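# Inside the fold
One letter stands for each residue in the lines below.
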Amino acid sequence: MVSLQEQFTALADRRASAAIHLQTLGDFRLWRHGQEVNNKEWGRDKTLQLFEYFITTRHRKGQHKEQILDRLWPDLDGKAGEQHFKVALHGIHKVLEPERESRQYPRYISRIGVVYQLAPDSLWIDADALEQYIAIGNQAAADDTALAIAAYRQAIDLYKGVFLPDRVYEDWSSEERERLQVLVMGSLISLGELLVHDNPMECVRYCQQALQIDHTWEDAYRLQMEAYFQKGNRPMAMKTYQQCVHVLEEEYGIPPLPQTKRLMERILQ
């Protein structure tokens, strides 16, 4: 059985060995054999759009061509859609494997009949690495605090911003974007909880990072209050509580949770 430490090391090794590196968080960038691909290499936007759709659906079962066309270009009729798909797919292969011979099977986009899917294990994708680091952190938190902290930090370092920001108005990307945001916010709180007693000000920093993603995240306010209290800064703990009260009232018309109120009572005592 592979240990968590071995899994942690393997993630770094995989990043170093992968021929294709993808950044999807905060910006879209691609490196091929260590060289960043210029945006001009994608040619038409539909080529990049199709590739980003493959990235977004990478963990689902293969997508039927008609399903892909319906999600990406529903306004195009059958022939026009087929032509756009063919040209875009060819463009993706050209970017990922410019040296591939025409009869050679593509390495990164699998095809069975008219069903297509990205082969995520053949590339390094920041969103996948982030999720894997968080999984290690969650498993290690109870027994190996140092490993959990290291894993969470690696995940958080990978989060440069929202998933595929160039597609924020596309319905097909929203679910993955929201899922990754929730994962990151949870890992920020988990990391903060591990640091709150030994390094409260670093805990505060991670709480503030979570609140930059979602300023209504009550867990982050509560943990930040605890961190300031551990540091002996009661005024900042009280100010954080007041911020929490104001935001929750303004956004949702609700008071803080009972556990947040109990913490405030403890701080006042």
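Read on for a plain summary of the structure.

## Section: the packing of aromatic side chains
- According to the stated counting rule, one finds six aromatic pairs in the structure shown.
- Taken together through their ring pairs, the aromatic side chains of F28, W42 and F51 make up a single cluster.
- Note that R205 overlies the ring of Y206, its terminal NZ or CZ placed 4.6 Å from the centroid.

## Let's talk about the environment of V95
- Along the chain, V95 falls in helix α4 (residues 78–96).
- Using a relative accessible area of 1% as the deciding quantity, one classes V95 as buried.
- Put simply, V95 and V162 are 67 residues apart on the chain and 24 Å apart in space, counted from C-alpha to C-alpha.
- Setting aside residues up to four positions removed in sequence, V95 forms contacts with R32, V37, E41 and W42.

## Some words on helix α9 (residues 218–231)
- For α9, which comprises 14 residues, the first-to-last C-alpha distance of 20 Å matches the rise-based estimate of 20 Å (1.5 Å per residue) to within 8%.
- Counting buried residues along α9, ten of its 14 residues qualify, which places the element largely inside the surrounding structure.
- Buried residues of α9: E218, A220, Y221, R222, L223, Q224, M225, E226, A227 and Y228, and no others.
- Buried-residue contacts for α9 involve α7 (171–195), α8 (200–213), α10 (234–252) and α11 (258–268).

## Points about the sheet that holds strand β4 (residues 63–64)
- Spatially, β4-β6-β5 is the arrangement adopted by the three strands of the open sheet, whose pairing is antiparallel. The open sheet has two free edges, formed respectively by β4 and β5 (109–112), since each of these has just one partner strand.
- For β5 and strand β6 (residues 115–118), the ladder comprises four bridges, and the chain directions are antiparallel. What sits directly across from I109, in β6, is L118.
- Against the sheet, helix α2 (residues 45–56) touches β4, β5 and β6, its axis set at about 80 degrees to β6.

## Looking at the packing of helix α1 (residues 4–17) against helix α5 (residues 126–140)
- At a minimum axis separation of 10 Å, α1 and α5 run at an interaxial angle of 165 degrees. Classified by the angle their axes make, α1 and α5 are roughly antiparallel. Judged by the sense of rotation from one axis to the other, the crossing of α1 with α5 is left-handed. Along its contact with α1, which presents L4, Q7, F8, L11 and A12, the element α5 presents Q132, Y133, I136, Q139 and A140.

Conventions adopted
Along every chain, residues carry numbers that run from 1 in the direction the sequence is written. This being a predicted model, a pLDDT of at least 70 is required before a residue's local features are given, and a value of 80 or more before pairs of side-chain atoms are given or counted; all residues contribute to the totals for chains, interfaces and linings. As a rule here, side-chain values cover all heavy atoms of the structure and leave hydrogens and water aside. By convention, a stacked pair of Phe, Tyr or Trp rings (six-membered ring in the case of Trp) has centres within 6.5 Å and planes under 30 degrees apart, an edge-to-face pair has planes over 60 apart, and any other such pair is tilted. Over a ring means this: the NZ of a Lys or the CZ of an Arg is within 6 Å of the ring centre and within 35 degrees of the ring normal. Numbering goes from the N terminus for both helices and strands, where a helix is a DSSP run of H or I of at least four residues and a strand is a run of E of at least two. For each residue, the accessible area found with a 1.4 Å probe, counting protein chains only, is set against the maximum for its type, and the residue is called buried under 20%, exposed over 50%, and partly exposed in between. Pairs of residues are marked as contacts when any of their non-hydrogen atoms sit within 4.5 Å. A helix is expected to reach a length of 1.5 Å times the quantity of its residues less one. Any two strands with at least two DSSP-identified bridges between them are counted as paired. A fitted line through C-alpha atoms serves as each axis, taken over the contacting stretch for helices, and the angle formed by two N-to-C directions is quoted from 0 to 180°. For this classification, under 35 degrees means roughly parallel, over 145 means roughly antiparallel, 65 to 115 means roughly perpendicular, and everything else is oblique. Each crossing is labelled by how the near helix is turned from the far one, with a counterclockwise turn of less than a right angle marking it left-handed and a clockwise turn marking it right-handed.

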